[in-house]
Amino acid sequence: NSVKGLTSLNVSSGVSGLEAQLRKIQSNATKLVNEAKSDFAKETQAIKSSVDSLVSAAKGLPSNPSAGQIAAVAADASKVVSSVKSFTDATSSKCG
């Protein structure tokens, strides 16, 4: 759900709003990885890597980012969504 929170951000949220949402995502991802890494090592590593990349990209944003900078963060956010979907698919097939 914290990833879905990215879609509710708007221009007035600014970079600080994005960073606040990313802290939630990072916290939730850390909990998930710690709880599931023994059963889903590949998938949880992908989540950790994609979240780390997203957080790093967002931290590099200036207070008034360009469209290209925002697009790069959006691409990293898409990778997070993809890694979470892969994890969900793996848990569904294993846990039925």
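This is a predicted model, so every value here is computed, not measured.

### Observations regarding helix H3 (residues 67-95)
Relative to the 42 Å expected for 29 residues at 1.5 Å per residue, H3 spans 41 Å between its end C-alpha atoms, a close match to the ideal helical length. Every buried residue belonging to H3 is among Val73, Asp76, Ala77, Val80, Ser83, Phe87, Ala90 and Thr91, and all of these are buried. Check the buried side of H3 and you find it contacts helix H1 (14-36) and helix H2 (41-59).

### Remarks on the packing of H1 against H2
With their axes 10 Å apart at the nearest point, H1 and H2 run at an angle of 160 degrees to one another. Here H1 is positioned roughly antiparallel relative to H2, judged by the angle of their axes. Our pair here, H1 against H2, has a crossing hand that is left-handed. Residue-level inspection shows Leu18, Glu19, Leu22, Ile25, Gln26, Ala29, Leu32, Val33 and Ala36 of H1 in contact with H2, the latter providing Thr44, Ile47, Lys48, Val51, Asp52, Leu54, Val55, Ala58 and Lys59.

### Brief notes about the pattern of salt bridges
Within this structure, the stated rule accounts for 3 salt bridges. Of the charged contacts, one joins Asp52 and Lys48 as a salt bridge, the two residues approaching to 2.8 Å between their closest N and O atoms. Taken together, the residues Asp52 and Lys48, both in helix H2 and 4 residues apart, mark about one turn of the helix. Linking Lys85 and Asp89 is a salt bridge whose minimum nitrogen-to-oxygen distance equals 2.9 Å. Taken together, the residues Lys85 and Asp89, both in helix H3 and 4 residues apart, mark about one turn of the helix. Taking the relative accessible area as the measure of exposure, Asp89 reaches 40% and is therefore partly exposed.

### Quick notes on the nonpolar core
Within the largest apolar cluster, 19 residues are counted, with the highest numbers of intra-cluster contacts made by Leu18, Leu22, Ile47, Val51 and Leu54. The biggest single contributor to this core is H1, with 7 residues. When sequence neighbours within four positions are dropped, the list of residues in contact with Val51 reads Ile25, Gln26, Ala29 and Val80.

### Quick look at H2
Over its 19 residues, H2 extends 27 Å from the first C-alpha to the last, a length consistent with the 27 Å expected when each residue adds 1.5 Å. Burial in H2 covers these residues: Glu43, Thr44, Ile47, Ser50, Val51, Leu54, Val55 and Ala58. The buried residues of H2 occupy an angular sector of 135 degrees when the element is viewed end-on, so they sit on one face. Turned more than 90 degrees from where H2 packs its buried face, Lys42 and Lys59 sit exposed.

### Focus on the side chain of Asp76
If you trace the backbone, Asp76 turns up in helix H3. When near neighbours in sequence (up to four residues on either side) are disregarded, Asp76 contacts Ser53, Leu54 and Ala57.

The rules behind these values
Residues numbered from 1 in each chain as written. Predicted model: local features only at pLDDT ≥ 70, side-chain atom pairs only at ≥ 80, totals over all residues. Heavy atoms only, no water. Helix = DSSP H or I, 4+ residues; strand = E, 2+ residues; numbered from the N terminus. Expected span 1.5 Å × (residues − 1). Buried < 20%, exposed > 50% of the residue type's maximum accessible area, 1.4 Å probe, protein only. Contact = heavy atoms within 4.5 Å. Axes fitted to C-alpha atoms, helices over the stretch in contact; angles between N-to-C directions. Parallel < 35°, antiparallel > 145°, perpendicular 65-115°, else oblique. Left-handed = near helix turned anticlockwise from the far one by under 90°. Salt bridge = Lys/Arg side-chain N within 4 Å of Asp/Glu carboxyl O. Core = buried A, V, L, I, M, F, W, Y, C linked by side-chain atoms within 4.5 Å. Arc of directions from axis to C-beta.

It is worth stressing that arrangement in space is one thing and function is another; only the former is reported here.
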